[in-house]
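# Secondary and tertiary structure notes
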Amino acid sequence: MPATSVIGAQWGDEGKGKIIDLVTHEADVVVRFQGGANAGHTVIVEGREFVFHLLPSGVLHEGKLNVLANGVVIDPATLLSEIDQFESGGYSLRERLRVSGAAHCVLPYHKVLDQLREGDKAGVKIGTTGRGIGPAYADKANRCGVRMWDLIDEDRLASRLQANITDKNRIVTKLFGADALDYDAIFEEAREQGRRLAPMVADTGRILREHLSKGSHVFFEGAQGLMLDLDHGTYPFVTSSNSDSLGIAAGTGVPPSAIGRQIGVSKAYCTRVGAGPFPSELHDATGDRLREGGGEFGATTGRPRRCGWLDVPAARYAAQVCGFDGLAITKLDVLSEFDQVGLCVAYDINGETVEDYPVDTPLVEQAVPIVKMFDGWTGDLSGIRNAADLPANARAFVDEICERVGVPWEIVSVGPGRESTIIRDTP
Ligand code: IMP
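Only a predicted model underlies this, so the values are computations on that prediction, with no experimental measurement involved. Along every chain, residues carry numbers that run from 1 in the direction the sequence is written. pLDDT decides what is reported in this predicted model: residues at 70 or higher carry local features, side-chain atom pairs at 80 or more are listed and counted, and totals for whole chains, interfaces and linings draw on all residues regardless. As a convention, hydrogens and water are excluded, and side-chain values are obtained from all of the structure's heavy atoms.

### Quick word on the side chain of Gln-262
Condition: Numbered from the N terminus, helices here are DSSP runs of H or I no shorter than four residues, and strands are runs of E no shorter than two. Classification of residues uses two cut-offs on accessible area relative to the type maximum, computed with a 1.4 Å probe and protein chains only: under 20% is buried, over 50% is exposed, and between them is partly exposed.
Here Gln-262 lies in strand β11 (residues 261–267). Classification of Gln-262 by relative accessible area gives buried; the value is 8%.

### Examining the state of the cysteines
Convention followed: Whenever a pair of cysteine sulfur atoms sits within 2.5 Å, that pair is classed as a disulfide.
Taken as a whole, this structure holds zero disulfides when the rule is applied. Cys-270 forms no disulfide, and the closest cysteine sulfur to it belongs to Cys-344, at a distance of 8.8 Å. Take Cys-402: it sits in no disulfide, and the sulfur closest to it among the cysteines is that of Cys-270, at 15 Å.

### Quick word on the sheet that holds strand β10 (residues 218–221)
Heads up, the condition is: Here the rule is simple: two strands pair whenever DSSP picks up at least two bridges between them.
Strand order in the open sheet formed by ten strands is β9-β7-β5-β2-β10-β1-β11-β14-β18-β19, with mixed pairing between adjacent strands. Pairing within the sheet leaves two strands with one partner each, and these edge strands are β9 (201–202) and β19 (421–423). As judged from the four bridges shared by strand β2 (residues 29–32) and strand β5 (residues 65–68), these two strands associate in the parallel manner. Counterpart to Val-29 in the pairing with β5 is Leu-65.

### Examining the site of the ligand
The test is simple: Nearness here has a simple test: a residue counts as near a molecule or strand if at least one of its heavy atoms is within 4 Å of that partner. Here a polar contact is taken to be a pair of N or O atoms separated by no more than 3.5 Å, where protein atoms must pair a possible hydrogen donor with a possible acceptor and residues adjacent in sequence count only if both atoms sit in side chains. For the accessible areas, the method is Shrake-Rupley and the probe is 1.4 Å, while residue cover comes only from the protein chains on display. Under the scheme applied, nonpolar residues are Ala, Val, Leu, Ile, Met, Phe, Trp, Tyr, Cys and Pro; charged residues are Asp, Glu, Lys and Arg; polar residues are all the others, including Gly.
Around the ligand sit 15 residues in total, of which Asp-13, Asn-38, Thr-129, Thr-239 and Arg-303 are the nearest. Gly-127 places a main-chain nitrogen or oxygen 3.4 Å from an oxygen atom of the ligand. Between the ligand and Thr-239 there is a distance of 2.6 Å, counted from an oxygen atom to a side-chain nitrogen or oxygen. For the ligand, the accessible surface in isolation is 480 Å², of which the surrounding protein chains cover 96%. Here the residues of the shell around the ligand are counted per class, giving six nonpolar, seven polar and two charged.

### Side note on the packing of helix α6 (residues 154–175) against helix α7 (residues 183–197)
How we decide: Fitting a line to C-alpha atoms yields each axis, with helices limited to the stretch in contact; the angle taken between N-to-C directions then spans 0 to 180 degrees. Left-handed is the label given to a crossing in which the near helix is rotated counterclockwise from the far helix by less than a right angle, and right-handed is the label when the rotation is clockwise. Residue contacts are defined here by distance: any two heavy atoms, one from each residue, within 4.5 Å place the two residues in contact.
For the pair α6 and α7, the least separation of the axes is 10 Å and the interaxial angle reads 145°. In the crossing of α6 with α7, the sense of the turn from one axis to the other is right-handed. For the pair formed by α6 and α7, the contact residues are Glu-154, Leu-157, Ala-158, Leu-161, Gln-162 and Ile-165 on the first element and Tyr-183, Ile-186, Phe-187, Ala-190 and Arg-191 on the second. When its residues are assigned to classes, the contact of α6 with α7 shows eight nonpolar, one polar and two charged.

### Points about the nonpolar core
Defined as follows: Here the nonpolar core consists of buried residues drawn from Ala, Val, Leu, Ile, Met, Phe, Trp, Tyr and Cys, with membership extended through side-chain atoms lying within 4.5 Å.
Among the nonpolar cores identified, the biggest contains 74 residues, and Phe-324, Leu-332, Leu-335 and Phe-397 are the most heavily contacted of them. The element best represented in this core is helix α11 (residues 312–322), accounting for seven residues. Leaving out residues up to four positions away in the same chain, Leu-335 has contacts with Ala-268, Tyr-269, Leu-290, Trp-309, Val-341, Trp-377 and Phe-397. Counting residues in hydrophobic clusters, the runner-up holds 40 residues, among them Leu-68, Phe-86, Ala-190 and Met-200.

### Some points on the pattern of salt bridges
The cut-off we apply is this: Here a salt bridge means any side-chain nitrogen of Lys or Arg lying within 4 Å of a carboxyl oxygen belonging to Asp or Glu.
Summed over the entire model, instances satisfying the criterion amount to 27 salt bridges. A salt bridge links Arg-195 to Glu-192, with the shortest nitrogen-to-oxygen separation between them at 2.6 Å. Here Arg-195 and its partner Glu-192 are both found in helix α7, three residues apart, which amounts to about one turn of the helix. Its salt-bridge partner being Glu-281, residue Arg-306 comes within 2.9 Å of it at the nearest N-O pair. On the criterion of sequence distance, the pair formed by Arg-306 in strand β13 (residues 306–311) and Glu-281 in the loop between β12 (269–272) and α10 (285–294) is long-range, its members being 25 residues apart. Where salt bridges share partners, they join Asp-13, Lys-267, Glu-296, Arg-305 and Lys-331 into one cluster.

### Looking at the packing of helix α2 (residues 76–88) against α7
Where we set the bar: Should an angle fall under 35 degrees it is taken as roughly parallel, and over 145 as roughly antiparallel, whereas 65 to 115 is taken as roughly perpendicular and any remaining angle as oblique.
Running from amino to carboxyl end, α2 crosses α7 at an angle of 45°, the nearest separation of the two axes being 10 Å. The angle between α2 and α7 places the two elements in the oblique class. The two elements α2 and α7 meet at a crossing, and its hand is left-handed. Contacts between α2 and α7 pair Pro-76, Ala-77, Leu-79, Leu-80, Ile-83 and Asp-84 from the former with Gln-193, Arg-196 and Leu-197 from the latter. Class assignment for the residues of the contact of α2 with α7 results in six nonpolar, one polar and two charged.

Structure representation (structure tokens):
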């Protein structure tokens, strides 16, 4: 199969960055296809720490083409600062980064609107990252967005911005009573950003189709996860894109048949940031212990993540919707030294045992987790490279997750760092 994707099977933050890093070395092209600067991953290269919100992970590997495809919403200021940050480390990037002309821009008024709406007492509080993601996708659907091709053409940029800022100022000033946006300042900043980004803007759909037809290995890097998918997640407590493999074809311009092998990523437990139902959430000391042990604080906003046991009905639903070929189970080591570890195997909804994820958000909100407890294990797992060497209780836990989710494991992460990994078929 010439293509692979790594997709979140939970509410984001599954530890995809490490799995992506392991898998991208096989790739010729690394592609982000949805989301924007709401995602975040920290990477350490030669002792230097980089936090990326937009750049694909392939930038870390010389010789790979990196693509921000049409489904991504791009904050030009964030993108330029990440390029500058990366290149200041002495690495070259511009020649191997291509940005879709059809990708929509996240502009200052999107962030203002995101924050005003989140602060509005009358509205639903989603707990967004405040990065303007929802308003940018709303403009795309509303057919008034500014695309990268508009950003790099001064006349088009001026007319798109005029119309948008006039419209947004009505909302900002009349609805929210906030200060009007300054067209001149926004235009000047965007024009300069367009000038700097222009050499990287391209028809990335064509580039990707050409690569696929000549047999290049294309790697699709998911951000967030299926449970935050706009259509299939816990709506309205979701992000504003198809944050899983369903977003690949539309978000890149390659046919669905080209998507290839899919690895779903799930932590050995579960976390969520922002509002919305989370049936297996632990509101007690065990939840705090998971948060501390797993370092569960957001890479983008620094918010503490809500923690709980792995939710099997949700993970199985994710696997069925996306069609995962293999599972990557991350952070198994965080569960070491617990006397017992739990797995949410079903829900009790109004006195009925429900094994299948109920999809309708109010039902998910009512779900009481039915948790199966397992005996825990002790010891440092980080040196283990072979599943046969895992403590028997840890192995039994992994096997039961895979059996219940219905997908075999491919990778188990047993500690921080690239090498603390068990890859199936490792001799
Ligand atoms: P937005 O994507 O900023 O609009 O936020 C919508 C919801 O998705 C909020 O609950 C966010 O916390 C969540 N979210 C967005 N991006 C991520 C991510 O990368 N990891 C985890 N949650 C995310």
